[in-house]
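Overview (structure and organization)
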Amino acid sequence: MIGQDGGVPIPPLRRHPVQRRSAERLGRILDACAELLDEMSYEELSTRAVAERANVPIGSVYRFFSNKRAMAEALAHRNLDEYATRITRRLAVMDSGPDGGGGWREAMDVVVDEYLAMKRGAPGFTLIEFGHPVPATGRPEQPNHLVADRLRVLLADRLGSGGTRGGEGDEERLRVAFLLAVEAADALLRLAFRMDPEGDPAIVAETKELLRAYLARVLD
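Residues numbered from 1 in each chain as written. Predicted model: local features only at pLDDT ≥ 70, side-chain atom pairs only at ≥ 80, totals over all residues. Heavy atoms only, no water.

Let's shift gears to empty space enclosed by the protein. Tallying each qualifying case throughout the model produces two cavities of 30 Å³ or more. What the largest cavity holds in volume is close to 210 Å³. Lining the largest cavity are 20 residues, and of these Y115, V147, V182, A185 and D186 sit closest to its centre. Contributions of two or more residues to the lining of the largest cavity are made by α5 (104–121), α7 (143–154) and α8 (168–195). A breakdown of the residues in the lining of the largest cavity according to their chemical character gives 14 nonpolar, three polar and three charged. (1 Å grid on protein atoms, 1.4 Å probe; cavity = no way out; pocket = protein on both sides within 12 Å on 5 of 7 lines; lining within 4 Å. Points joined across faces, edges and corners; volume = space filled by probe spheres on them. Helix = DSSP H or I, 4+ residues; strand = E, 2+ residues; numbered from the N terminus. Nonpolar A, V, L, I, M, F, W, Y, C, P; charged D, E, K, R; others polar.)

Here's what the structure looks like:
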């Protein structure tokens, strides 16, 4: 299935909710999973503990997920959807401002800032993020590939003509550039949070500078 903004596929569920009550129950299960991951390790997490925290029968968990790995993967994809929503909302506010939203550099700052906001406040995000510690199952995509692809979709109207002239080679160059940018930012921001529980400001600032300098080779 394709994500809400035409981006990455979402993980298959055993059963997709068709009624509002069923969708709300699925949401409670994922909320409970996220809360528990703030309190314990992934190894300690269990489907029974999630059912108890969500106040649903254990059968309701298994109606949607075959095991805790599938549940954590669904949470990771929900995190990615939430991340995309946050970025879209911020960019819309920028576009409505007096400066008209700015270009790709300002958009990349938003990308970093919204990641930091989720890292600091989203339940369960520290462990799961967009795929960790659970790798993608049964698909070739890895978490950073999914993030890079989603960002290219979200920022398409801000990327200008650099690397997007329509040729196959240009599109491939842009795809690789975004993947490398995401991989580099991922490593540096992890370092920032190892240095400071809130994210070392100096490392965050340097990460933004690195992204601008690298992507300018393709986008300017």
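Once that is clear, we can look at the pattern of salt bridges. As enumerated under the stated definition, the model contains 20 salt bridges in all. Residues R212 and D109 are paired through a salt bridge, measuring 2.8 Å at the closest nitrogen-oxygen approach. Of the two residues, R212 is situated in helix α9 (residues 201–219) and D109 in helix α5; the sequence distance between them amounts to 103 residues. The class of D109 is buried, set by a relative accessible area of 18%. What you see here is one network of salt bridges that share partners, running through E82, R86, R90 and E114. (Salt bridge = Lys/Arg side-chain N within 4 Å of Asp/Glu carboxyl O. Buried < 20%, exposed > 50% of the residue type's maximum accessible area, 1.4 Å probe, protein only.)

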